[in-house]
Amino acid sequence: MSEWAFTAGLGGVDALLAEARSARGRAYAPYSSFHVGAAVASDVGVVSGANVENASYGLSICAEWVAAASAIAAGARRIEAIAITSSAARATPPCGACRQVLHEFNPDMLVVSEGMNGERKEWRLSELLVDGFGPSDLPGQP
């Protein structure tokens, strides 16, 4: 059980994982059958997303990316935590591209993943993406 407590009454890890599980049920994964749901706790509330595959595989979109982009589109500028569930037996972390996308909105966010076997893992994003590229790496940025 995590000791993480979200700000602004957004709930805890269990509630965030419940949102991710619900989103996993909406995944569109006819090619891989790898269904993924994600939910982010952001400064505008909890927002979820599911992976969306495409027959042109490279155009598929990860659930983590969908959840983050949906939160940003709703006005969020900071993500405190992300919960991920998939149809894999074990807890799986986000892919490298998603790690980079998430880094933009809080390099130290909590990342929680739960597998179908009930295994749960937690990391800080900074542990999964060491020395990630961010705004401060661009010329003229703080």
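To keep things clear, this report deals only with the structure shown in the data block. Please read all numbers here as calculations on a predicted model, not as lab measurements. Residue numbers restart at each chain and count upward from 1, following the sequence in its written direction. Since the coordinates come from a predicted model, pLDDT governs what is reported: local features require at least 70, and pairs of side-chain atoms require 80 or more to be given and counted, while whole-chain, interface and lining totals use all residues. Note that water and hydrogens are dropped before the side-chain values are worked out from all heavy atoms of the structure.

## Re unusual backbone geometry
Stated precisely, the cut-off is as follows: Only DSSP runs of H or I with at least four residues qualify as helices, and only runs of E with at least two residues qualify as strands; both kinds are numbered from the N terminus onward. Categorising residues by exposure relies on relative accessible area from a 1.4 Å probe, with only protein chains included: less than 20% of the type maximum marks a residue as buried, more than 50% marks it as exposed, and the intermediate range marks it as partly exposed.
If you check the backbone angles, Ser33 has positive phi at about 60° while not being a glycine. Mapped onto the elements, Ser33 comes out in the loop between helix H1 (13-24) and strand E1 (36-42). Exposure remark for Ser33: the relative accessible area of 48% places this residue in the partly exposed category.

## Observations concerning the nonpolar core
Basically, it comes down to this: Within this scheme, the nonpolar core is defined by two criteria: the residues are buried Ala, Val, Leu, Ile, Met, Phe, Trp, Tyr or Cys, and they are joined through side-chain atoms within 4.5 Å. The contact criterion used is simple: two residues touch if any of their non-hydrogen atoms lie within 4.5 Å.
Judged by nonpolar contacts, the single largest core of 19 residues is most densely connected at Val40, Ile79, Ile82, Leu102, Met109 and Val111. Elements with a contribution of two residues or more to this core: E1, helix H2 (63-73), strand E3 (79-86) and helix H4 (125-128). Here this core takes four residues from H2, the largest share from any one element. Setting aside residues no more than four positions away along its own chain, Ile82 makes contact with Leu16, Ala38, Ala39, Val40, Glu64, Leu102, Met109, Leu110, Val111 and Val112.

## Quick notes on the packing of aromatic side chains
Using the following cut-off: Pairing of aromatic rings covers Phe, Tyr and Trp, the last counted by its six-membered ring, and requires centre-to-centre distances within 6.5 Å; plane angles under 30 degrees mean stacked, over 60 mean edge-to-face, and any other angle means tilted.
On inspection of all chains with the given rule, the structure shows one aromatic pair. Summarising the aromatic geometry, the rings of Tyr31 and Tyr57 are spaced 5.9 Å apart at their centres and angled 70° between planes, so their arrangement reads as edge-to-face. Of this pair, Tyr31 sits in the loop between H1 and E1 while Tyr57 is found in the loop between strand E2 (45-50) and H2, placing the two residues 26 residues apart along the sequence. Residue Tyr57 is classed as exposed on the basis of its relative accessible area of 59%.

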